[in-house]
Amino acid sequence: MKVIIKENYDELSKEAAKMVEKQLRGKKNSVLGLATGATPLGTYKELVRLFKDEDLSFKDVSSFNLDEYIGLDENNENSYRYFMSENLFKLIDIKKENTYVPNGMANNPIEAGMEYDRTILENGGIDLQILGIGSNGHIAFNEPAKSLSLGTTLVRLAKATIQDNARFFDNIKDVPTEAITMGIGSIMRARKIILLASGKNKADIIGKLLNSPSITTNIPASLLLLHPNVTIICDKDAYSRVNK
Ligand code: GLP
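Report on the accompanying structure. (Residues numbered from 1 in each chain as written. Predicted model: local features only at pLDDT ≥ 70, side-chain atom pairs only at ≥ 80, totals over all residues. Heavy atoms only, no water.)

1. Digging into the sheet that holds strand 9 (residues 192–197)
Hydrogen bonding along the main chain pairs the strands of a sheet, whether they run parallel or antiparallel. Threshold: Note on pairing: two strands pair once DSSP finds at least 2 bridges between them. Think of it this way: any DSSP run of H or I at least four residues long counts as a helix, any run of E at least two long counts as a strand, and we number them from the N terminus. By definition in these notes, contact holds between two residues if any of their heavy atoms fall within 4.5 Å. Axis angles are defined between N-to-C directions and span 0 to 180 degrees, where every axis is a line fitted to C-alpha atoms and, for a helix, only to the segment in contact.
Strand order in the open sheet made by the seven strands is 1-10-9-6-2-3-5, with parallel pairing throughout. Looking at strand neighbours, the two that pair on one side only are strand 1 (2–6) and strand 5 (99–100), the edges of this open sheet. Direction of pairing for strand 2 (residues 31–34) relative to strand 3 (residues 62–65): parallel, over a ladder of four bridges. Pairing of Leu-32 across the sheet is with Ser-63, part of strand 3. Each of strand 3 and strand 5 is contacted by helix 4 (residues 109–122), which is oriented at about 150° to strand 3, the strand it contacts most.

As structure tokens, then:
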């Protein structure tokens, strides 16, 4: 595991975008794993700039998003499909048919999850996965629990996550309580993983993760410590509780 500490959010975003750029320059038809949330927004902004100013093309790229809320369709401003269209897909030359987001409207989300994992495999697997981290240590929507699902499936959101994510909704009551998320196994199969953490509200969890590295399903992100190619990029605030 490699840890990169950056001065601030802007620098963190540029570093992450540089790693994505390197991946795409080396393999035009890369398969990217993409995350939502506030953290990757700066990375996406920088990728859009690289597309506009430096000829970085996404036309042969496929992407798989980590998760989606149950019950929100692509026209709902709080759906992750909408978020991705507005903040990245519409602004670059990726083909819509090559952008995959779990279907929060599926009649059978469990079946849809299994199908999602098959589609990832049919596309050759994820080359580079971008991840954020929840303040409770979740990755995607894999919440702290006694056991974690390997495959993409239906999950119930933790109270802490509903509270954290309420900032994007008009009312906390509007936050869906369930989601379909890529499982820990689906994430761990990615060939490379970048985990981004920014801001003081991530300092506790990054401290827990890095101060005494061990794995526990109570901190789903700790499973990443088993992965052979993970880079954690933190800004100074997120890194501030790691023992020096
Ligand atoms: C959500 C997403 C996660 C994301 C996390 C952190 O719950 N499902 O994939 O990593 O929030 O979000 P933020 O970057 O806004 O702190």
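2. Remarks on the pattern of salt bridges
Note the following rule: Salt bridges are identified by distance alone: a Lys or Arg side-chain nitrogen within 4 Å of an Asp or Glu carboxyl oxygen. When a residue's accessible area, from a 1.4 Å probe over protein chains only, is under 20% of the maximum for its type it is buried; when over 50% it is exposed; and in between it is partly exposed.
The final tally for this structure, using the stated rule, is 16 salt bridges. A salt bridge links Lys-90 to Glu-86; the shortest N-O distance between them is 2.7 Å. Across the pair Arg-118 and Glu-115 runs a salt bridge whose closest N-O atoms are separated by 3.0 Å. Residue Arg-118 and its partner Glu-115 are both found in helix 4; the two are separated by three residues, about one turn of the helix. Residue classification places Arg-118 among the partly exposed positions, given a relative accessible area of 40%.

3. Quick notes on the pairing of strand 8 (residues 178–181)
As paired strands, strand 4 (residues 67–69) and strand 8 are joined by three bridges and run antiparallel to one another. By the bridge assignment for strand 8, Asp-67 is matched with Thr-181. Pairing analysis gives four bridges linking strand 7 (residues 153–156) to strand 8, with the strands arranged antiparallel. Each residue of the ladder has a partner; that of Thr-153, found in strand 8, is Thr-181.

4. Some points on the site of the ligand
Inclusion rule: To be near a molecule or strand, a residue needs just one of its heavy atoms within 4 Å of it. Polar contact is defined as a pair of N or O atoms within 3.5 Å, subject to the rule that within protein one atom must be able to donate a hydrogen and the other to accept it, and that residues adjacent in sequence are counted only when both atoms are side-chain atoms. With residues, only the protein chains shown are counted as cover, and all accessible areas are computed by Shrake-Rupley using a 1.4 Å probe. Cavity means a closed set of points on a 1 Å grid over the protein atoms alone, one where a 1.4 Å probe fits but cannot get out, pocket means an open set with protein on both sides within 12 Å along at least 5 of 7 lines, and lining means a residue has an atom within 4 Å of a point. Throughout, a molecule is located in a cavity or pocket provided that more than half of its atoms lie within 2 Å of its grid points. Think of it as three bins: nonpolar holds Ala, Val, Leu, Ile, Met, Phe, Trp, Tyr, Cys and Pro, charged holds Asp, Glu, Lys and Arg, and polar takes everything else, Gly as well.
Not every one of the 13 residues close to the ligand is listed here, only the nearest: Ala-38, Thr-39, Asp-67, Arg-167 and Lys-202. The separation between an oxygen atom of the ligand and a polar side-chain atom of Arg-167 is 2.9 Å. Burial of the ligand by the surrounding chains reaches 97%, relative to a free accessible area of 390 Å². Structurally, the ligand is housed in the largest pocket. Per-class residue counts for the shell around the ligand are five nonpolar, five polar and three charged.

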